[in-house]
Amino acid sequence: QALALPEVERAIPVYLAQATWRNPVDGTRRAVQLIGVDTSAGVLEFPGLDAELVEALKRADTVAFDTRSRPEFGPVARLLAESGGTIEVEIGSRRMEVVGLVEIGPSFGADGNVVLSEVNFRRVVKERQVAAVDLVAIKLRPGTNLAETQARLRGLLPADVMVMTQAELRAHERAYWENA
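Since this is a predicted model, take the numbers as computed values, not measurements. (Residues numbered from 1 in each chain as written. Predicted model: local features only at pLDDT ≥ 70, side-chain atom pairs only at ≥ 80, totals over all residues. Heavy atoms only, no water.)

A.B. asks: Help me understand the overall build of the protein chain, please; the structure alone is not making it clear to me.
C.D. replies: Within the protein chain, the regular secondary structure consists of five helices and seven strands. Of the regular secondary structure in the protein chain, the N- to C-terminal order runs β-β-α-β-α-β-β-β-α-β-α-α. Since a compact globule built from 180 residues should have a radius of gyration of about 16 Å, the 17 Å found for the protein chain is in line with a globular shape. In terms of overall dimensions, the protein chain has C-alpha extents of about 50 × 35 × 30 Å along its principal axes. Counting all 180 residues of the protein chain, 38% fall into the buried class. (Helix = DSSP H or I, 4+ residues; strand = E, 2+ residues; numbered from the N terminus. Rg over C-alpha atoms; globule rule 2.2 N^0.38 Å. Buried < 20%, exposed > 50% of the residue type's maximum accessible area, 1.4 Å probe, protein only.)

A.B. asks: Would you mind going over the packing of aromatic side chains with me for this structure?
C.D. replies: Tallying each qualifying case throughout the model produces four aromatic pairs. Their ring planes at 35 degrees and their centres at 5.1 Å tell us that Trp21 and Phe65 sit as a pair that is tilted. Here Trp21, found in strand β1 (residues 8-22), pairs with Phe65, found in strand β3 (residues 62-66); they are 44 residues apart in sequence, far enough to count as distant. Taken as a pair, Trp21 and Phe65 share a single burial class, namely buried. Aromatic pair Trp21 and Phe73: ring centres 6.1 Å apart, planes at 75 degrees, arrangement edge-to-face. One end of the pair, Trp21, is in strand β1; the other, Phe73, is in the loop between β3 and α2 (76-83), with 52 residues separating them in the sequence. Considered together, Trp21 and Phe73 belong to a single accessibility category, that of buried residues. Feature note: the residues Trp21, Phe65 and Phe73 constitute an aromatic cluster, connected by ring pairs. Taking NZ or CZ as reference, Arg30 lies 5.2 Å from the ring centre of Phe73, over its face. (Phe/Tyr/Trp six-rings, centres within 6.5 Å; stacked < 30°, edge-to-face > 60°. Lys NZ or Arg CZ within 6 Å of the ring centre and 35° of its normal.)

A.B. asks: Would you mind showing me how to read α2 here?
C.D. replies: Every α-helix carries 3.6 residues per turn, so stepping three or four residues along brings you back to the same face. Every buried residue of α2 is accounted for by Val76, Leu79 and Leu80. One side of α2 holds all its buried residues, which, seen down the axis, span an arc of 100 degrees. Turned more than 90 degrees away from the buried face of α2, the exposed residues are Ala81 and Glu82. In this structure, the buried side of α2 is in contact with β1, β3, β4 (87-91) and β5 (94-102). Gly84, located one to two residues past α2, shows a positive phi value of around 75 degrees. (Arc of directions from axis to C-beta. Contact = heavy atoms within 4.5 Å.)

A.B. asks: What's the story with the nonpolar core in this structure? I'm lost.
C.D. replies: Soluble globular proteins: nonpolar side chains tend toward being buried together. Within the largest apolar cluster, 22 residues are counted, with the highest numbers of intra-cluster contacts made by Trp21, Leu34, Ile91, Val98, Val114, Leu116 and Val124. Elements that contribute at least two residues to this core include exactly β1, β2 (29-37), β3, α2, β4, β5, β6 (113-116) and α3 (118-124). With four residues, the single largest contributor to this core is β1. Setting aside chain neighbours within four positions, we find Trp21 in contact with Thr28, Arg29, Arg30, Val32, Phe65, Phe73, Val76, Val89, Glu90, Ile91, Val98 and Val114. Of all hydrophobic cores here, the second largest spans 17 residues; its members include Ala41, Leu49, Ala64 and Val115. (Core = buried A, V, L, I, M, F, W, Y, C linked by side-chain atoms within 4.5 Å.)

A.B. asks: It is not clear to me how the pairing of β5 should be interpreted in this structure. Could you clarify?
C.D. replies: For a regular strand, side chains alternate in direction, first toward one face of the sheet and then toward the other. One ladder, built from five bridges, connects β3 with β5; its direction is parallel. The partner of Val63 across the bridge, within β5, is Val98. Here β4 runs beside β5; their pairing, made up of five bridges, is antiparallel. Bridging from a neighbouring strand, Glu88 pairs with Glu97 of β5. The hairpin turn running from β4 into β5, its antiparallel successor, is two residues long, and Gly92 in that turn takes a positive phi close to 65 degrees. (Pairing = 2+ DSSP bridges.)

Without other data, these values stay purely geometric and don't point to any function.
Shown next, in the form of structure tokens:
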């Protein structure tokens, strides 16, 4: 629906779910937040998500690990540096390769995060329907007035859809976790 506006260049689905991460050193398991998205779309900005990592995430069974995740996930950054390239981990019941690092940080809802492609997300979360999207990142055409387009989107989309800028989304999430 957002693509109906000429100001909208792209509408990229973002999938969120939790899966079990197996610590590559001691084998302990804990829940990790999965962020499935077309990283090449350029709609999410995480430190570390550069062009080389974006390309690596297009390969089957690859993830980028959040360096700000809690230490219980294991010394992933150190292991990755020592390996000189990738390390194998288990997420859910699937063997995956950590091919790079991003910086996101834990929250009240997730102690750790991994970023992966939509296809790799569906490989881990098999029961998720493609249409079951958690967020849609909207990229506007250059020169577009953000506030005007946001107002138009609010008028166009159903009432149960929240249309927020990235800053508004961060503030909304912070307020939720501080007050809930």
